[in-house]
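# Structural overview
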Amino acid sequence: MRIHELTKQYDGKTVVDAVSFSIPKGKVISLIGPNGAGKSTVMGMISRLIAHDSGLVEFEGKDIGKWKSKELSKRLAILTQSNNIQMKLTVRELVSFGRFPYSGNRITPEDSAIIDRAIAYMELEAFQDRFIDELSGGQRQRAMIAMVIAQDTEYVLLDEPTNNLDIYHATNMMKIVRRLCDELGKTVILVLHEINYAAFYSDYICAFKNGSVAKFGTVEEVITKENLSDIYQVDFEILNIAGKPLSIYY
Amino acid sequence: MLTNSIHQEAIFIKGIRSTLILAGALMALSVLSLFVGVIDLTPAALFTGNLEQLSIFLTSRLPRLLAILCTGIGMSVAGLIMQQLCSNKFVSPTTGATISSAQLGILLALLFMPQSTLWSRAIFAFATAVGGTWIFVWFIQRIQFKDAVMVPLVGIMFGNVIGGITSYLAYQYDMTQALASWLVGHFSLVLKGRYEIVWLTVPLVVLAFLFANHFNIVGLGKDFSKNLGVPYNVVLFLGLTLAAMITASIVVVVGAISYIGLIVPNVVAMFKGDNIRGTLVDTALFGALFVLVCDMIGRVVIFPYELPIELIVGILGSLIFIGLLFYRLKHGRKAVRLGSPSSSSCSCPVSALEGGEEA
Ligand SMILES: Nc1ncnc2c1ncn2[C@@H]1O[C@H](COP(=O)(O)OP(=O)(O)O)[C@@H](O)[C@H]1O
Ligand SMILES: [Mg+2]
């Protein structure tokens, strides 16, 4: 996937400004940066949820707007940041929607097997017949991600998937992201607030500041004292733990 | 995964149990209703070939029953579709201006084509009902009310404005008498040869069932739909059109019947959730049962006269609706579980996983 000079304005204010970068296939790419830097807007534009004003999103060699939406939904799945579902659905029903691009209204036995696997991946077996509005925020978040897993796409886009999760589930979430990439060969693009999760679990990091890409590169290239201090405007120290550059800020 | 599939099967059986009970009750009451009326019909006389009785049966009793079933099924399914698409539990043909728009269409047909047949009136009603519903939904999508209760209030106001225009026109052109029959729904004029349009609800409801999952997904929002490759606007407009056509084909034949589209889907959802693939059949059956019971009450309370169905539905419906509101105020949208406490699956030791999750 290649993003070229992507720009978006809201009410005359440029919130994403000529963003260009290429997403390496089969890797985990994390987008980091302060609130309002434009990460969600970029995620929305590269997944055709938000129309861009200018620039190009090229997906598998073809302009994303030229893809048939049904075809695209088998290749690319996105979980947005705010998804407060009002509807009374069970976890299993929600996860089943992930199979919609493939099977429409009929769930085949293969679909059921894939749904079972997605539920197991997110450790939701015990909750699968509970209504999602009777679950905690974190369980609901995991159910949403299980749906995206059931959608079984090459590209998975997750906007702040660790939001609402406790340390156990957030860490598990990141391990699952890693497994989606390592075991299933998926390309995972995610927005993260925890820099250390990004540093520990991703292959590449794209750091945003004020609607532009401040830095894009491997974890080692981006996670440096100078870069982070510049992007977040706070003081950073970088420690090398388990071969990864982890940061503390104060 | 073997245990899981057995478990899923148990859930499935639990799910269809209510459907079977509803279908059984509906069947029994339907048969009973065929033999309630001013003129005594008996099954024995019918089977021995009493021609007079047979003719009453075929021209009046049976059409009436079919119209009742179609009305109950149609209005409740139309309400269900509208609620799902707008993801608002208070939207319905009554609170979404669909019924009043259909009435305006009928009046326009009466004005412009005094000789109009049932069919041409129906076409006018289709057009206005679809148009009115579209405008209403376009409006509520534009405004994006924070409070869900605002939506039906706006719908009721919008419906009253259309109703006002209808009354004004009817008054101006001396049509109040003619229009009265469509303002208050009743089944007493349902006779063979002049009610068959109501059968249209059957194919339309079948169509709704085929698109049930599309409606579910659209109800989950624009981003959710796009992610799954569902064309949000197309499905939204098709679904609304379907609901409006169902409503109009009923209003043209029996007149306005309120509340059913509002309360029936809500009652069913309390037990079975909001996945309309799982609730559509139950909603349709329960709607038919509800209208049938109301009709039978209307026919026996002041026997040998009868009360219009709209009156009975209005009284029962508003009581149930108030009950629903109180239940929701007290319990939120917590599901009512039938039979054994919760679906047994949740009794596993999950507390360890849940610890500190609410952070
Ligand atoms: N729909 C919108 N209308 C107007 N402004 C918006 C809209 N969506 C986002 N913005 C603005 O665009 C900027 C970037 O937002 P966003 O991409 O959500 O940031 P991030 O996800 O990095 O926190 C913010 O200043 C936000 O206020
Ligand atoms: Mg964001």
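These numbers come from a predicted model, not from an experiment.

Cut-off values and rules
- Residues numbered from 1 in each chain as written.
- Chains lettered and ligands numbered in written order.
- Predicted model: local features only at pLDDT ≥ 70, side-chain atom pairs only at ≥ 80, totals over all residues.
- Heavy atoms only, no water.
- Helix = DSSP H or I, 4+ residues; strand = E, 2+ residues; numbered from the N terminus.
- Rg over C-alpha atoms; globule rule 2.2 N^0.38 Å.
- Buried < 20%, exposed > 50% of the residue type's maximum accessible area, 1.4 Å probe, protein only.
- Donors = N, O, S within 2.8 Å, 3.2 Å for Na, K, Ca; no water.
- Core = buried A, V, L, I, M, F, W, Y, C linked by side-chain atoms within 4.5 Å.
- Domains from an automatic or database assignment.
- Contact = heavy atoms within 4.5 Å.
- Near = heavy atom within 4 Å.
- Polar contact = N/O pair within 3.5 Å; in protein donor to acceptor, adjacent residues only side chain to side chain.
- Nonpolar A, V, L, I, M, F, W, Y, C, P; charged D, E, K, R; others polar.
- Pairing = 2+ DSSP bridges.
- Axes fitted to C-alpha atoms, helices over the stretch in contact; angles between N-to-C directions.
- pLDDT = per-residue confidence, 0-100.
- Parallel < 35°, antiparallel > 145°, perpendicular 65-115°, else oblique.
- Left-handed = near helix turned anticlockwise from the far one by under 90°.

What follows is about the overall build of chain A. The number of helices and strands found in chain A is 10 helices and 12 strands. Against the compact-globule benchmark of 18 Å for 250 residues, chain A has a radius of gyration of 18 Å, which places it among compact chains. Judged by the C-alpha coordinates and their principal axes, chain A covers about 50 × 40 × 35 Å. By the burial criterion, 55% of the 250 residues in chain A qualify as buried.

Within chain B one finds 15 helices and zero strands. Split into buried and exposed, the 359 residues of chain B put 51% on the buried side.

Turning our eyes to something else, we now look at the coordination of the magnesium ion (ligand 2). Residue and element names in this part refer to chain A. Every protein donor of the magnesium ion (ligand 2) is listed here as Ser40 (OG) and Gln81 (OE1), and their distances to the metal cover 2.0 to 2.4 Å. With Ser40 in helix H1 (residues 39-46) and Gln81 in the loop between strand S6 (76-79) and helix H3 (91-96), the pair connects residues that are 41 residues apart, well separated along the chain. The class for Ser40 is partly exposed, based on a relative accessible area of 29%. Overall, the relative accessible area of 38% leaves Gln81 in the partly exposed class.

The subject of this paragraph is the nonpolar core. Judged by nonpolar contacts, the single largest core of 157 residues is most densely connected at Leu94(A), Phe97(A), Leu158(A), Phe187(B) and Phe224(B). Take this core: its biggest share by element is 15 residues, from helix H3 (residues 51-86) of chain B. No fewer than three residues from each of domain 1 (1-69 + 156-166 + 186-250) and domain 2 (76-152) of chain A sit in this core. The residues touching Leu158(A), leaving out its near neighbours within four places in the chain, are Met43(A), Leu79(A), Ile145(A), Val148(A), Met173(A), Val177(A), Val188(A), Ile189(A), Leu190(A) and Val191(A).

Here we come to the environment of Phe236(A). Residue and element names in this part refer to chain A. If you trace the backbone, Phe236 turns up in strand S11 (residues 236-241). In this structure Phe236 comes out as buried when scored by relative accessible area, which is 2%. Placed 11 residues apart in sequence, Phe236 and Lys225 show a C-alpha to C-alpha distance of 5.6 Å. Once residues within four sequence positions are removed from consideration, Phe236 is found in contact with Ile195, Lys225, Leu228, Ser229, Ser247, Ile248, Tyr249 and Tyr250.

What follows is about the site of ligand 1. Residues and elements named next belong to chain A. Surveying the vicinity of ligand 1 reveals the residues Tyr10, Lys13, Val15, Pro34, Asn35, Gly36, Ala37, Gly38, Lys39, Ser40 and Thr41. At 3.2 Å, a backbone N or O of Ala37 approaches an oxygen atom of ligand 1. Contact distances for ligand 1 include 2.8 Å between an oxygen atom and a backbone N or O atom of Lys39. Of the residues forming the shell around ligand 1, the biggest block, three residues, is contributed by H1. Residues that form the shell around ligand 1 fall into these classes: four nonpolar, five polar and two charged.

Looking now at the sheet that holds strand S4 (residues 54-59) of chain A. Residues and elements named next belong to chain A. Taken in spatial order, the four strands of this open sheet run S2-S1-S4-S5, and their pairing is antiparallel. Each edge of the open sheet carries a strand with a single partner, namely strand S2 (13-22) and strand S5 (62-63). The pairing of strand S1 (residues 2-10) with S4 spans four bridges and is antiparallel. In the sheet register, Arg2 faces S4, and the bridge partner there is Glu58. Packing of H1 onto the sheet brings it into contact with S1, S2 and S4, and relative to S1 it is tilted by some 120°.

Our focus in this paragraph is the confidence of the model for chain B. The predicted coordinates should not be examined in detail at positions where pLDDT is low. Residue and element names in this part refer to chain B. Chain-level statistics for chain B give a pLDDT mean of 84 and a share of 90% at 70 or above. A low-confidence stretch, residues 339-359 stays under pLDDT 50, and its non-local contacts, those more than four residues away or across chains, total 29 contacts. Among the prediction metrics, the complex's ipTM stands at 0.89, with pTM recorded as 0.88.

When two helices pack together, their arrangement is given by the angle between the helix axes and the distance between those axes. All names here are of chain B. One can describe the packing of helix H4 (residues 98-112) onto helix H7 (residues 176-183) by two numbers: an axis separation of 10 Å at closest approach and a directional angle of 150°. Considered as vectors, H4 and H7 are oriented roughly antiparallel to each other. The element H4 and its partner H7 pack so that their crossing is right-handed. Of the residues in H7, those in contact with Gln103, Ile106, Leu107 and Leu110 of H4 are Ala178, Leu179, Trp182 and Leu183.

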